[in-house]
Amino acid sequence: MEETKARVTEQDVSYVADLANLDLTAEERSRMLRDLNSILEHIDQLGELDTTNVAPLAEVVSMWAGAQPLSSDRFGYAMRADEVRPGLAHEAALTNAPQTDKTYFKVPKVIEK
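As the structure is a computational prediction, the values presented were derived from the model and not from experiment.

Caption draft 1: Structural detail: the pattern of salt bridges. The full count for this structure, using the stated rule, is 2 salt bridges. Two residues, Asp 44 and Arg 7, come together in a salt bridge whose shortest N-O distance is 2.9 Å. Here Asp 44 is found in helix 2 (residues 26-47), whereas its partner Arg 7 is found in the segment before helix 1 (10-19), with 37 residues between them in sequence. A salt bridge links Glu 83 to Arg 85; the nearest nitrogen and oxygen atoms lie 3.6 Å apart. A single burial state applies to Glu 83 and to Arg 85, both of which are exposed.

Have a look at this one:
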């Protein structure tokens, strides 16, 4: 017996677009519906793969880190030591702001509901 897969409906797309305050055209809604269902179909295909002999993997960096010296540039960004560095000064952050009250950025209200 074939299992029925959950699919995204037009109502789902409309509901999420409304939550995100997006005004999608009919064409955009149709494309979104098609794209989301295509992603779900791909995930279904991945679920059918036999992964019996595949070891669990929590992250991928260590998988290759041992193959090359730690001084390698390949994963240097991930293997560098943590160090505290000064951040951007408050005044410098506000310098190019379109609007500020000298303490915070001022931004227009975007939620009207």
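Caption draft 2: Representation of the side chain of Asn 37 within the structure. For Asn 37, the location among the structural elements is in helix 2. Ignoring anything within four residues of it in the chain, the contact list for Asn 37 reads Arg 7 and Val 8.

Caption draft 3: Spotlight on the packing of helix 1 against helix 2. Contact geometry for helix 1 and helix 2: axes closest at 10 Å, N-to-C directions at 110°. Overall, the two elements helix 1 and helix 2 adopt an arrangement that is roughly perpendicular. Relative to helix 2, the crossing made by helix 1 is right-handed. Together, Glu 10, Val 13, Ser 14 and Ala 17 of helix 1 and Arg 29, Met 32, Leu 33 and Leu 36 of helix 2 make up the contact between the two elements. Here the contact of helix 1 with helix 2 is built from residues that sort into 5 nonpolar, 1 polar and 2 charged.

About the cut-offs
- Residues numbered from 1 in each chain as written.
- Predicted model: local features only at pLDDT ≥ 70, side-chain atom pairs only at ≥ 80, totals over all residues.
- Heavy atoms only, no water.
- Salt bridge = Lys/Arg side-chain N within 4 Å of Asp/Glu carboxyl O.
- Helix = DSSP H or I, 4+ residues; strand = E, 2+ residues; numbered from the N terminus.
- Buried < 20%, exposed > 50% of the residue type's maximum accessible area, 1.4 Å probe, protein only.
- Contact = heavy atoms within 4.5 Å.
- Axes fitted to C-alpha atoms, helices over the stretch in contact; angles between N-to-C directions.
- Parallel < 35°, antiparallel > 145°, perpendicular 65-115°, else oblique.
- Left-handed = near helix turned anticlockwise from the far one by under 90°.
- Nonpolar A, V, L, I, M, F, W, Y, C, P; charged D, E, K, R; others polar.

Remember, this is a structural readout, not a statement about activity or role.
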